[in-house]
Amino acid sequence: MTLEQNQLRSLPSVNDLLSTSQGQSLILASSHEMAVAVLRAALAQARADIRAGTHGPTKESLLLTAEILLQQRQQPRLRPVINATGVIVNTNLGRAPLSTEALLAVQRVASGYSNLEYALEQGERGSRNAHITDLLRELTGAEAALVTNNNAAAVLLGLSALAQGREVIISRGQLVEIGGGFRVPDVMLQSGCQLVEVGTTNRTRIADYTAAISERTAVLLAVHPSNFLITGFTESTSLKELATLAHQHNLLVMEDLGSGCLLDCSRYGLAHEPTPQESIAAGADLVCFSGDKLLGGPQAGIIVGKQEIIARLAKHPLMRAVRIDKMTLAALETTLRHYLRNEAESHIPVWRMISYTSEQLVRRVSGWVTQLREQGITTHLQSGESTIGGGSLPDETLPTTLLALAESDLAALGKAKGHRSTSLAEIATRLRQWPTPVIPRISRDMLLLDPRTVLVEQDQELIRAMKECIITQNLG
Ligand SMILES: *Cc1c(COP(=O)(O)O)cnc(C)c1O
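These figures come from a predicted structure and were not determined experimentally.

A word on the overall build of the protein chain. Within the protein chain one finds 21 helices and 18 strands. Burial analysis of the protein chain (476 residues in total) assigns 47% to the buried set. Long-range pairs, those at least 24 residues apart, make up 74% of the contacts in the protein chain between residues at least 6 apart in sequence. On the protein chain, roughly 23100 Å² of surface is accessible, and the fraction owed to carbon and sulfur atoms is 50%.

In this section: the environment of Ala416. Assignment of secondary structure puts Ala416 in helix 19 (residues 407–417). What makes Ala416 exposed here is its relative accessible area of 70%. When the C-alpha atoms of Ala416 and Pro435 are compared, they prove to be 28 Å apart, with 19 residues separating the residues in sequence.

This paragraph deals with the domain arrangement of the protein chain. Segmentation of the protein chain into domains returns domain 1 (9–74), domain 2 (81–96 + 348–476) and domain 3 (97–344). Taking only C-alpha atoms, the centre of domain 2 and the centre of domain 3 are 35 Å apart. Listed per partner, the contact involves 20 residues of domain 2 and 28 residues of domain 3. Carbon and sulfur atoms supply 69% of the area that domain 2 and domain 3 bury against each other, a total of about 2100 Å² over both sides.

Note that His338 resides in helix 15 (residues 326–340). Residues contacting His338, with those up to four places away along its chain left out, are Ser99, Glu101, Glu343, Ala344, His347 and Ile348.

Let us look at the packing of helix 6 (residues 100–110) against helix 15. At a minimum axis distance of 8 Å, the contact between helix 6 and helix 15 shows a crossing angle of 145°. Note on packing geometry: the crossing formed by helix 6 with helix 15 is right-handed. Where helix 6 approaches helix 15, its residues Glu101, Ala102, Ala105, Val106, Val109 and Ala110 are matched on the opposing element by Lys326, Met327, Ala330, Ala331, Thr334, Thr335 and His338. A class-by-class count of the residues in the contact of helix 6 with helix 15 yields 8 nonpolar, 3 polar and 2 charged.

Glancing now at helix 18 (residues 358–374). For helix 18, with 17 residues, the first-to-last C-alpha span of 24 Å sits near the 24 Å given by 1.5 Å per residue. Among the residues making up helix 18, those that are buried are Leu361, Arg364, Val365, Trp368, Val369 and Leu372. Projected onto a plane normal to the axis of helix 18, the buried residues spread over an arc of 140° and lie on a single side. Across from the buried face of helix 18, at angles greater than 90 degrees, the exposed residues are Glu359, Arg363, Arg373 and Glu374. Looking one or two places after helix 18, you find Gly376, whose phi comes out positive at around 85°.

Strand pairing in a sheet relies on backbone hydrogen bonds, with the paired strands running either antiparallel or parallel. With mixed pairing, the 7 strands of this open sheet are ordered in space as 5-13-12-11-10-6-9. Each edge of the open sheet is held by one strand with a lone partner, namely strand 5 (144–148) and strand 9 (194–198). With strand direction ignored, the average angle separating the axes of adjacent strands in the sheet is 25°. Pairing geometry for strand 11 (residues 252–258) and strand 12 (residues 286–290), over 4 bridges, is parallel. Within the sheet, the bridge partner assigned to Gly258 lies in strand 12 and is Phe289.

A separate point is the side chain of Ser99. Within the secondary structure, Ser99 sits in the loop between strand 2 (87–89) and helix 6. You can call Ser99 buried: its relative accessible area is 2%. At 2.8 Å, the side chain of Ser99 forms a polar contact with the side chain of His338.

Before going further, it helps to spend a moment on unusual backbone geometry. Its identity is not glycine, yet Arg95 carries a phi of approximately 55°, on the positive side. With respect to the secondary-structure elements, Arg95 resides in the loop between strand 2 and helix 6. Take Arg95: its relative accessible area is 23%, and that puts it in the partly exposed class. We note that Arg444 has phi near 45°; this positive angle belongs to a residue other than glycine. Inspection of the secondary structure puts Arg444 in the loop between strand 17 (441–443) and strand 18 (446–449).

With that out of the way, let us pick up the pattern of salt bridges. Once the charged atoms of two side chains with opposite charge are near each other, the side chains can pair. Under the counting rule described, the total for this entry stands at 15 salt bridges. For Arg125, the salt bridge is made with Glu117, and the minimal N-O distance between the two is 2.9 Å. On the basis of relative accessibility, which here comes to 67%, the residue Arg125 falls in the exposed class. Across the pair Glu167 and Arg216 runs a salt bridge, and its minimum N-O distance is 3.4 Å.

A few words on helix 5 (residues 59–74). For an α-helix, 3.6 residues make a turn, and residues three or four places apart therefore share a direction. End to end, helix 5 covers 23 Å across 16 residues, agreeing with the expected 22 Å (1.5 Å per residue, within 8%). Close packing links the buried residues of helix 5 with helix 2 (14–18), helix 3 (21–29) and helix 4 (32–51).

Cut-off values and rules
Residues numbered from 1 in each chain as written. Predicted model: local features only at pLDDT ≥ 70, side-chain atom pairs only at ≥ 80, totals over all residues. Heavy atoms only, no water. Helix = DSSP H or I, 4+ residues; strand = E, 2+ residues; numbered from the N terminus. Buried < 20%, exposed > 50% of the residue type's maximum accessible area, 1.4 Å probe, protein only. Contact = heavy atoms within 4.5 Å. Areas by Shrake-Rupley, 256 points an atom, 1.4 Å probe, with all protein chains shown as cover. Domains from an automatic or database assignment. Buried area = accessible area lost by both parts, 1.4 Å probe. Axes fitted to C-alpha atoms, helices over the stretch in contact; angles between N-to-C directions. Left-handed = near helix turned anticlockwise from the far one by under 90°. Nonpolar A, V, L, I, M, F, W, Y, C, P; charged D, E, K, R; others polar. Expected span 1.5 Å × (residues − 1). Arc of directions from axis to C-beta. Pairing = 2+ DSSP bridges. Polar contact = N/O pair within 3.5 Å; in protein donor to acceptor, adjacent residues only side chain to side chain. Salt bridge = Lys/Arg side-chain N within 4 Å of Asp/Glu carboxyl O.

Here's what the structure looks like:
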């Protein structure tokens, strides 16, 4: 018999393992079936290892593997992470964190019954939209408002209700892909309208739109090309010009604003981001934007515009398929109220992050550096840039101060402790596997952490993760 066969044969059985005290603990911590499943998985791993030429594991290490597997299986799949990337509206990391007040509102509404679709005064059926209509009218100056599950749904609903079977004119410079498969031409196709492209990638004039209008035209569509810039020899048509043209021909103007920012970005050293208020003032019939980009609220699609047009959308059969749920509505209402109270900057996390001062950021990172130094870990302050993300404000950055861990710092640490040094990539992997995973930025030979997007209450957890991942890694 070969050594490999010998080792495979001497592996304990599932029942052997189950009868140990650790095996019994696995059952207590889960169920008999689950304990058997993780022990089988640990044994399968051991067999694979033996075949790959490593030594057969001890009973203890098999049980330990099973325990780790059980912990992994019992952990929620969807869980909080620490965003140290410096990308504020980070789509992969869940976009906008909600304000404390918005979370409380969700809890209040979702832990019991609510007046979601009940008019308390009349004692009869009400509309879920009624809860945010007045707020959105006041904030944007629009006649009416409607909310959907997300902005992609808002665009689909708008085009379906206003232009099904008819033509929609759009500039070639605005036929964009937003990411995650949202391509403007595809959404238009899905809504059953016919796309009429005008102009060129870099230049579209009002005359191009005028020439394309036919008796089949229903809508002139403007899309904010959120995530890219066309620079150089460019020309585009203002929304005001489009609205004037459309209304002369009895057509509608719809705008997909993408991010939908209610505040003036230029106050924060950023480029101006078009606001729904401006679009409404320019004469748009319908404007839609996201709830969880620069608005800083929950995932939602917000539609504002003319009363009669909004009413057509509200009656469309798709409305039922794309409607917003009560938890989102509660969070959205509360987020909008922050704007009405002029407290967006202090209460909405996205805006708090955007408005951090350089001094505040330096102070936090210096604190991190000091705490890590006390653990024997050398890191540095480094200037860098945070970005807005979420397909908003491309090319726009905010100056920040980063915590930098260099490859050479790791090597020195390894040498001082007499261990082999590890790579930054390994540290990054460990950080991602930490119970509250830490997502850093890696740039050439540096691991970088941006304090701008790390919630203040996560600071201690971040330091603990860094310490454990760097030191344990070096011991390994
Ligand atoms: C982000 C974006 C969308 C999609 O919005 P979601 O809320 O993610 O559905 C649509 N259009 C534009 C221009 C965008 O930037």
